[in-house]
Amino acid sequence: MHVQSSNFVRRGMLGFSHFCQRDWGLSGVTPYRVSSSPPCLVRHEPPAPSLSLRMISSRTVEKMRSNEAVQEQPWGLSQSGSYDKAMEALSSLITRKRGEKSAIRSKYSKLERMMMYLKILGLDQKIAGLRIIHVAGTKGKGSTCAFSEAILRECGFRTGLFTSPHLIDVRERFRIDGVDISEEKFLKYFWDCWDQLRDKVTEELPMPALFQFLTLLAFKIFTNEKVDVGIIEVGLGGTNDSTNVIKEPVVCGITSLGMDHMETLGDTLGAIARHKAGILKPNTPAFSVHQVPEAMDVIKERAQQIKVPLEVVSPLKSGELNGIQLSLAGDHQFVNASLAVSLCKSWIQRTGNWEKLFSNDDNQAGLPDAFLRGLSSARLSGRAQIVYDTIPNSDSPSGDLIFYLDGAHSPESMDACAMWFSKAAKGHYNSVPLSSFHSSFANELTEAVHQSGYINSEKGDSNKIIKQVLLFNCMDVRNPQILLPKLVGTCADSGVHFSKALFVPSMSTYNKVVSGSSMASLNVPARDMSWQFRLRRIWEKTINGNGSYRERESKMDCLEAGSTEALPPLGFLSENYFPDNSGDYHPCSAVIPSLPLAIKWLRDCVKQNPSLKLQVLVTGSLHLVGDVLKLLKR
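Residues numbered from 1 in each chain as written. Predicted model: local features only at pLDDT ≥ 70, side-chain atom pairs only at ≥ 80, totals over all residues. Heavy atoms only, no water.

Caption draft 1: How the structure looks around the overall build of the chain. Per the secondary structure count, the chain includes 19 helices and 19 strands. A burial count over the chain gives 56% of its 634 residues as buried. (Helix = DSSP H or I, 4+ residues; strand = E, 2+ residues; numbered from the N terminus. Buried < 20%, exposed > 50% of the residue type's maximum accessible area, 1.4 Å probe, protein only.)

Caption draft 2: Examining unusual backbone geometry more closely. The omega torsion across Ser164 and Pro165 is -5 degrees, close enough to zero to call that bond cis. Its place among the elements puts Pro165 in the loop between β7 (159-162) and β8 (174-176). One non-glycine residue, Lys307, adopts positive backbone phi at about 55 degrees. Tracing the sequence through the fold places Lys307 in the loop between α9 (293-305) and β13 (310-313). Taking the relative accessible area as the measure of exposure, Lys307 reaches 63% and is therefore exposed.

Caption draft 3: Summary view of the packing of helix α8 (residues 269-276) against α9. Axis separation between α8 and α9 bottoms out at 8 Å; the angle between their running directions is 35 degrees. As α8 packs across α9, the resulting crossing turns out to be right-handed. Where α8 approaches α9, its residues Leu269, Gly270, Ala273 and Arg274 are matched on the opposing element by Glu294, Ala295, Val298 and Ile299. (Axes fitted to C-alpha atoms, helices over the stretch in contact; angles between N-to-C directions. Left-handed = near helix turned anticlockwise from the far one by under 90°. Contact = heavy atoms within 4.5 Å.)

Caption draft 4: Structural context of the environment of Thr264. Following the sequence through the fold, Thr264 ends up in helix α7 (residues 262-265). Sequence separation between Thr264 and His275 is 11 residues, and the spatial gap between their C-alpha atoms is 9.8 Å. Every residue in contact with Thr264, bar those within four places of it in the chain, is listed here: Leu236 and His275.

Caption draft 5: Seen up close, the sheet that holds β13. Sheet architecture is open: eight strands sit in the order β9-β8-β7-β10-β6-β11-β12-β13, paired in mixed fashion. Unpaired on one side and paired on the other, β9 (179-180) and β13 mark the two borders of the sheet. The pairing of β8 with β9 spans two bridges and is classified as antiparallel. In the strand pairing of β9, Arg175 is matched with Asp180. On the sheet, α9 packs against β11 (251-254), β12 (286-289) and β13 and is oriented at approximately 150 degrees with respect to β13. (Pairing = 2+ DSSP bridges.)

Caption draft 6: Just the packing of helix α15 (residues 480-493) against helix α16 (residues 530-544), in detail. α16 packs onto α15 with a crossing angle of 45 degrees between their chain directions and a minimal axis gap of 10 Å. Between α15 and α16, the interaxial angle falls into the category oblique. At the point where α15 passes α16, the crossing takes the right-handed sense. Residues Pro480, Gln481, Leu484, Pro485 and Val488 of α15 pack against Trp531, Arg534, Leu535, Ile538, Trp539, Thr542 and Ile543 of α16. Residues that form the contact of α15 with α16 fall into these classes: nine nonpolar, two polar and one charged. (Parallel < 35°, antiparallel > 145°, perpendicular 65-115°, else oblique. Nonpolar A, V, L, I, M, F, W, Y, C, P; charged D, E, K, R; others polar.)

Caption draft 7: Broad picture of the environment of Ala209. Tracing the sequence through the fold places Ala209 in the loop between α5 (183-198) and α6 (210-224). Taking the C-alpha atoms as reference points, Ala209 and Leu93, separated by 116 residues in sequence, lie 4.9 Å from one another. Sequence-distant contacts of Ala209, defined by excluding residues within four places in its chain, comprise Leu93 and Thr95.

Caption draft 8: Just the confidence of the model for the chain, in detail. Averaged over every residue, the pLDDT of the chain is 79; the share at 70 or more is 71%. Predicted confidence is poor over residues 1-78, with pLDDT under 50, and the contacts of this stretch with residues over four places away or in other chains come to 193 contacts. A low-confidence stretch, residues 554-559 stays under pLDDT 50, and its non-local contacts, those more than four residues away or across chains, total 11 contacts. (pLDDT = per-residue confidence, 0-100.)

Caption draft 9: The arrangement of the environment of Asp528 in detail. With respect to the helices, strands and loops of the structure, Asp528 is situated in the loop between β17 (498-503) and α16. For Asp528 and Pro505, which are 23 residues apart along the polypeptide, the C-alpha to C-alpha distance reads 9.4 Å. A polar contact of 3.0 Å, which involves the side chain of Asp528, links it to the backbone nitrogen of Ser530. (Polar contact = N/O pair within 3.5 Å; in protein donor to acceptor, adjacent residues only side chain to side chain.)

Caption draft 10: Structural context of the pattern of salt bridges. Within the structure shown, the criterion is met by 14 salt bridges. In this structure, Glu225 engages Arg158 in a salt bridge whose closest nitrogen and oxygen atoms are separated by 2.8 Å. Here Glu225, found in the loop between α6 and β10 (229-233), pairs with Arg158, found in the loop between α4 (141-154) and β7; they are 67 residues apart in sequence, far enough to count as distant. Arg158 sits in the buried class, given a relative accessible area of 8%. Close ionic contact of Lys423 with Asp331 constitutes a salt bridge, the shortest N to O distance being 2.7 Å. Taken together, the positions of Lys423 in helix α13 (residues 411-425) and Asp331 in the loop between β13 and α10 (333-350) put the pair 92 residues apart, joining distant regions of the chain. Bridged by salt links that share partners, the residues Arg158, Asp177, Lys185 and Glu225 form one connected network. (Salt bridge = Lys/Arg side-chain N within 4 Å of Asp/Glu carboxyl O.)

Caption draft 11: Molecular detail of helix α18 (residues 595-608). Taking 1.5 Å per residue as the helical rise, α18 with its 14 residues ought to reach 20 Å, and the 20 Å between its terminal C-alpha atoms agrees with that figure. Of all 14 residues making up α18, 10 are buried, and the element is well covered by its neighbours. The set of residues buried in α18 consists of Leu595, Pro596, Leu597, Ala598, Ile599, Trp601, Leu602, Arg603, Cys605 and Val606. Buried positions along α18 lie against β15 (401-405), β16 (465-472), β17, β19 (612-619) and α19 (622-632). Capping the start of α18, Ser594 holds a side-chain oxygen 3.2 Å from the backbone nitrogen of Leu597, two or three residues further along. (Expected span 1.5 Å × (residues − 1).)

Caption draft 12: Summary view of the packing of aromatic side chains. Scanning all chains against the criterion turns up 21 aromatic pairs. Judged by centre distance (5.9 Å) and plane angle (70 degrees), the ring pair of Phe358 and Phe371 falls under edge-to-face. Of this pair, Phe358 sits in helix α11 (residues 354-358) while Phe371 sits in helix α12 (residues 369-375), and the two are 13 residues apart along the sequence. Taken as a pair, Phe358 and Phe371 share a single burial class, namely buried. With a centroid separation of 5.7 Å and an interplanar angle of 0 degrees, the aromatic rings of Phe421 and Phe498 are classed as stacked. Within this pair, whereas Phe421 is found in helix α13, its partner Phe498 is found in strand β17, the two being separated by 77 residues in sequence. Each member of the pair, Phe421 as well as Phe498, is classed as buried. (Phe/Tyr/Trp six-rings, centres within 6.5 Å; stacked < 30°, edge-to-face > 60°.)

Caption draft 13: Focus on the nonpolar core. By size, the foremost hydrophobic cluster in this structure holds 42 residues, and its most contacted members are Leu90, Phe186 and Phe219. Residue contributions to this core peak at nine residues, all from α6. Counting residues in hydrophobic clusters, the runner-up holds 40 residues, among them Val250, Val341, Leu343 and Phe358. (Core = buried A, V, L, I, M, F, W, Y, C linked by side-chain atoms within 4.5 Å.)

See the structure below:
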């Protein structure tokens with residue numbers, strides 16, 4: 001498994017003195033089959049146009065982190081015990097499911113309560129010091145924030161990144177210099193916030209709900225860690241979001257808008273845009289990607305009302321990247337990368353650092369080298385991510401089971417996911433162009449790339465039977481009758497067709513926060529699978545067509561009876577597979593009662609058939625994607 005390591009270099013430029021991490025991500029590909037991480041690539045100080053780099057061993061870094069951890073743990077509880085208790089405490093803050101109205105009854109609004117919490121924690125006067133980039137939108141918020149963080153980190157600034165949701169562990173939401181906050185520091189800041197707020201609880205000021213608490217915790221972490229910039233992703237909407245206690249951001253951004261969270265934000269793009277534009281602040285520069293007219297008109301109207309200088313940015317073109325490849329895959333990432341570039345330029349200029357950084361840059365006609373490094377190294381799990389699975393108890397990687405993970409859950413994001421998967425399945429994201437970099441740097445990066453397993457040669461695949469399989473689930477507030485046909489149609493337009501689809505329930509529950517180290521059992525108690533069977537029916541109807549589907553529906557009903565505990569036979573993936581007593585019915589999908597069983601079944605399929613190569617697209621829910629990552633990391 002590829003393990004991210006955090007490498008630190010003492011900084012002293014621009015009046016800042018701190019430890020700054022350098023992490024080199026590789027185009028969203030996570031090669032879990034690699035037993036040790038490749039060397040991280042770290043820039044010499046001071047930065048030079050030649051992009052010269054040096055390598056720091058992961059072992060040395062881990063020793064540094066270990067020494068730091070010992071100094072940071074003064075409390076009596078064991079680390080694991082305290083962390084489990086913190087997760088239990090967080091779980092107690094989950095007051096409702098998505099779409100339900102808040103159960104909190106108070107004379108204060110949510111944002112009024114947030115301001116009161118900030119005052120209790122002594123943070124109300126400190127937020128402005130974080131010099132925040134605030135980002136709202138429907139699609140691409142996380143990617144834009146990840147690009148922005150990486151760019152500014154490569155420019156030499158100490159960064160704090162707050163995103164949501166987390167996939168495996170809640171600490172993913174809080175990054176310092178590109179690295180998830182350590183358990184030790186998380187616990188230190190968590191219990192500090194928890195105890196202070198708990199002591200001030202009243203009937204009118206209860207404990208904050210989960211996302212409110214996590215937002216407060218982000219502000220606490222970033223102020224105490226003395227970051228130079230806070231990149232803050234909006235949770236939901238904008239106007240009433242918990243992050244909108246930020247009154248003086250340095251710059252704001254709005255990513256692509258679409259139809260999502262309609263039960264809260266409204267059922268038109270105009271209504272949704274009104275919420276998103278709520279983060280704009282007077283006299284603060286704002287940037288937006290191109291929107292459909294209904295949404296763009298609302299954003300422009302809001303900007304004019306509060307005298308906000310609004311700029312609409314166009315997608316980056318590959319020619320502007322000087323030969324490098326964006327680290328986050330998919331054509332839609334050129335839109336997010338462009339917004340991140342505009343946000344970072346504005347932030348650097350408004351904080352008075354542009355001339356200090358780039359006055360002697362020979363590449364002023366294009367993007368600065370630091371920007372290019374950031375765009376090629378940003379990482380964001382669960383979005384256009386490729387994982388090469390290693391079969392447990394196997395001496396060597398099989399190379400026959402590849403997971404393509406993307407948490408798309410809206411029609412627009414599903415379309416983007418389908419286009420990315422169609423290209424990735426054909427091997428279009430297998431290499432990183434290095435021509436623009438200094439030759440010594442290119443050699444070092446190439447070596448790291450090969451060690452990480454990122455460059456996946458297709459040699460030897462000529463005799464493989466390659467099949468595309470869908471692993472899917474979505475929340476019941478989504479509309480699978482739109483999502484699934486969109487996925488099928490877009491993939492088919494690119495010549496990619498799914499052999500089979502598997503529908504599974506997620507492991508994650510919406511009323512509990514668990515640690516990333518919690519174990520999943522294959523022995524899953526019986527549960528209602530009616531939603532998964534509904535998904536399967538929609539899939540069969542989409543694949544077979546209405547008329548054919550009606551003829552086969554009764555046979556499908558018979559096959560579903562008593563099938564909640566049965567796994568498909570390993571021959572299910574064969575084109576010649578027909579269930580017993582089914583006549584000529586050839587099912588295109590199956591329901592599997594648990595995700596761990598689904599992963600085991602897929603692994604068994606490739607173990608039993610060495611000539612089989614499975615490309616598994618996991619999508620429909622970030623919860624599902626996170627659960628799959630959690631299982632694969634084991």
